[in-house]
Amino acid sequence: MLALGLGGSNHDFSACLVENGEIAVGIEEERLTRRKYAVNVNSLANQCWRYCLTARGVRLGQVEAIVADDTLLPSCYFPFRSRTTLIRHHLAHAASAFHPSPFPEAAILVVDGAGSLFDGQGVETLTMSVGSGTGITEISKVFGTNWSTDGLRDTRVYQAGDSDHSLGFLYKAVSRAIGFTLYEEGRWYLTEDGKTMGLAPYGTDRWRGEFHRHLDLLPEGRYHLHLKDGGLLDFVEHALDGFEGDERFARGADLAWAAQDLLETAVLHAARWLHRETGLTRLCLAGGVALNSVANGKILRETPFTEIYAQPAAGDNGCAVGCAYYGHHVLGGHPRPRAPRAGGARGPAAPRAGGAAPRPQTHTYLGRSYGTEEIRAALDASGLPHRRVARPARVAAELLPRGALIGWFTGGSEFGPRALGHRSILADPRRAEMKDILNSKVKHREAFRPFAPAVLAERAADYFDLDIESPYMLIVAPVREDRRREIPAVTHVDGTARVQTVTPEANGAFHELVARFGEITSVPVVLNTSFNDRGEPIVETPGQALAFFGPSQLDYLFLEDFLVAHSVTDLDAVTEEAG
């Protein structure tokens, strides 16, 4: 069976094709249009679903189920509107986390800015559920009230908007106040909340009391958060007025700290109740707030949940995954394999499960691969010196200890905001200066922003306070004190790191690269950041990778087994050694 899922709302458009119960291909519209978050693109002409069909060599008529969530702009599915099934936004998020997880049964926590509108109640902002087999059952919910249309006109069709009782909206408002706004048009704006999360450790608890007086924790994991009309936003929007330079930075960091602290308080409150109610120790996470890897790490360390699966594309783009699985399992009636009852389920609220183990999603490389001829054509068009090399992962690993900055392009692109070893920029984490070099000269971004480590899964516990795998860079963990000086370029100011664990089964050549670097240096960790410049989507094609590399200060680019350099001299120096 072929099931097509469409994701997004009025931004973050995406598509995913599930074939016979497994993800076959997925892509975000931004990678194709080169417009971050696909803002202001022609949604009627979306390319992402066409990309998926072309990549699998199938026609639209062969697709048996088409599913979208009900906050998606109708223009995105207009060409096949009569065939499209709409589901609730948080159900799409929940399905995106539970169905590809390795868990036959799990608690599910969805947290975002706003989801579907429920008449008489408001917009969903947090949903707690239980997944078992192919079923997902909601057990508690937070509704945002006093909501506003997320658009330029009050008469516009409803889109997920800003409301009270929304952790995602709070974080978005704080990001905007600090100055981390990516797009703004009238009342509508998008922010870069990852920057706020990275800034928070530089702050103090100066405004904790001001933030928390607007938060009330309620039974059943719920909360009230008064933001609008005399609420917390009145303070947030003017907290930095009149301040410049170092004082503005310090106050902005204090705002970020307070927002992160409040978010963690509410999320941990929900997670603890969810565990008590279900007795489950396995948790699936989705929704834009699930990209807050600091909060995810706190859930793992400070609640009884012992296993966590976070959807790697936790934002609205990931709804495409959930919608495609819904089409396969629910509309198509295909069962999800289940394992014997495990994970601590107990009590009358805990559903039962039994059978064979699920087939989990093991990687997020859902884009199509590019063949040798396509790469050759792009190389010829670029005019850059290049040469094929044997065992490119080993060659790259041997360049990193010399201080080389490397672009790494292999296989299909990652689905979601994190580069996980297929569209990556790599560096030596032992060199403290690499953080400043990459931020200022390659990524052109703020100096405070941290970089992530990719570590061999079997060695992760040697470097980080982490006892589960973190394949998608969605858990922040403390760096062990005796290792912080060893990997300073990936250790944040608070002694933590956003960890990616790598295995040969999931990561292939990238695992080989990290392993070889470990053999050479005795440090099985590589600095890994996304292959893009500030404000741009991650590169998708060989041509885009070469266009980035040409004027950049990267030293080398690997396109599959082609090595690219800025000069023939540089190329000869490497290939002679490799030969």
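To continue, consider the side chain of Asn317. Take Asn317: it is sitting in the loop between β15 (307–310) and α10 (319–331). For Asn317, a relative accessible area of 5% puts it in the buried group. Every residue in contact with Asn317, bar those within four places of it in the chain, is listed here: Gly7, Gly8, Asp12, Ser14, Glu28, Phe415 and Gly416.

Moving on, we come to the pairing of strand β21 (residues 496–502). Across the seven residues that make up β21, a large majority, seven, are buried. With three bridges joining them, strand β19 (residues 452–456) and β21 adopt parallel strand pairing. Bridge pairing in β21 links Val455 to Thr501. Looking at chain direction, strand β20 (residues 475–478) and β21 are connected through four bridges and run antiparallel. When the sheet's bridge partners are listed, Pro478 is paired in β21 with Thr496.

Our focus in this paragraph is the layout of surface pockets. Of the volumes computed, that of the second largest pocket is approximately 470 Å³. In this structure, the second largest pocket is lined by 20 residues; those nearest its centre are Pro102, Ile308, Tyr309, Glu469 and Pro471. Looking at which element gives the most residues to the lining of the second largest pocket, the answer is β15, with four residues. A breakdown of the residues in the lining of the second largest pocket according to their chemical character gives 12 nonpolar, six polar and two charged.

As a further point, take empty space enclosed by the protein. In the structure shown here, the tally under the stated rule is two cavities of 30 Å³ or more. Roughly 50 Å³ of volume is contained in the largest cavity. Lining the largest cavity, in full, are Leu109, Val111, Val267, Leu285, Ala286, Val289, Ala290, Ala295, Asn296 and Ile299. If you list the elements that add at least two residues to the lining of the largest cavity, you get β6 (105–111), β14 (282–286) and α9 (293–302).

Let us now look at the confidence of the model for the protein chain. Summing up the model confidence of the protein chain, the mean pLDDT is 93 and the portion of residues at 70 or higher is 94%. Predicted confidence is poor over residues 151–158, with pLDDT under 50, and the contacts of this stretch with residues over four places away or in other chains come to 18 contacts. When the criterion is pLDDT under 50, residues 339–355 qualifies, and its contacts beyond four places in sequence or with other chains add up to 48 contacts.

Scanning the entire structure with this criterion turns up 13 aromatic pairs. For the ring pair Tyr309 and Tyr472, a centre distance of 6.1 Å and an interplane angle of 90° mean the geometry is edge-to-face. Here Tyr309, found in strand β15, pairs with Tyr472, found in the loop between α14 (460–463) and β20; they are 163 residues apart in sequence, far enough to count as distant. Taking the relative accessible area as the measure of exposure, Tyr309 reaches 6% and is therefore buried. Put simply, the rings of Phe180, Tyr202, Phe249 and Phe448 pair up and form one aromatic cluster. Sitting above the plane of the Trp207 ring, Arg206 keeps its charged end 4.9 Å from the centroid.

If you walk across this open sheet you meet the nine strands as β16-β24-β23-β17-β18-β22-β19-β21-β20, and the pairing is mixed. In the strand order of this sheet, the two ends are held by β16 (386–388) and β20, each with one partner. This sheet shows a mean twist of 35° between the axes of neighbouring strands, independent of strand direction. Across four bridges, β19 lies against strand β22 (residues 525–530) in antiparallel orientation. Following the sheet pairing, Pro453 is matched in β22 by Leu527. Along the sheet, helix α11 (residues 372–382) makes contact with β16, β23 (556–559) and β24 (562–565), crossing β24 at roughly 15°. Running over the sheet, helix α17 (residues 542–549) touches β17 (406–409), β18 (423–427), β23 and β24 and is turned about 175° from β23.

This brings us to the environment of Ala397. Along the chain, Ala397 turns up in helix α12 (residues 392–399). A residue is classified by how much of its surface remains accessible, and Ala397, at 0% relative accessible area, is buried. It is 39 Å that separates the C-alpha atoms of Ala397 and Leu4, two residues lying 393 residues apart in sequence. Excluding its chain neighbours within four sequence positions, the residues that come into contact with Ala397 are Leu513, Arg516, Phe517 and Ile520.

So, how was this worked out
Residues numbered from 1 in each chain as written. Predicted model: local features only at pLDDT ≥ 70, side-chain atom pairs only at ≥ 80, totals over all residues. Heavy atoms only, no water. Helix = DSSP H or I, 4+ residues; strand = E, 2+ residues; numbered from the N terminus. Buried < 20%, exposed > 50% of the residue type's maximum accessible area, 1.4 Å probe, protein only. Contact = heavy atoms within 4.5 Å. Pairing = 2+ DSSP bridges. 1 Å grid on protein atoms, 1.4 Å probe; cavity = no way out; pocket = protein on both sides within 12 Å on 5 of 7 lines; lining within 4 Å. Points joined across faces, edges and corners; volume = space filled by probe spheres on them. Nonpolar A, V, L, I, M, F, W, Y, C, P; charged D, E, K, R; others polar. pLDDT = per-residue confidence, 0-100. Phe/Tyr/Trp six-rings, centres within 6.5 Å; stacked < 30°, edge-to-face > 60°. Lys NZ or Arg CZ within 6 Å of the ring centre and 35° of its normal. Axes fitted to C-alpha atoms, helices over the stretch in contact; angles between N-to-C directions.

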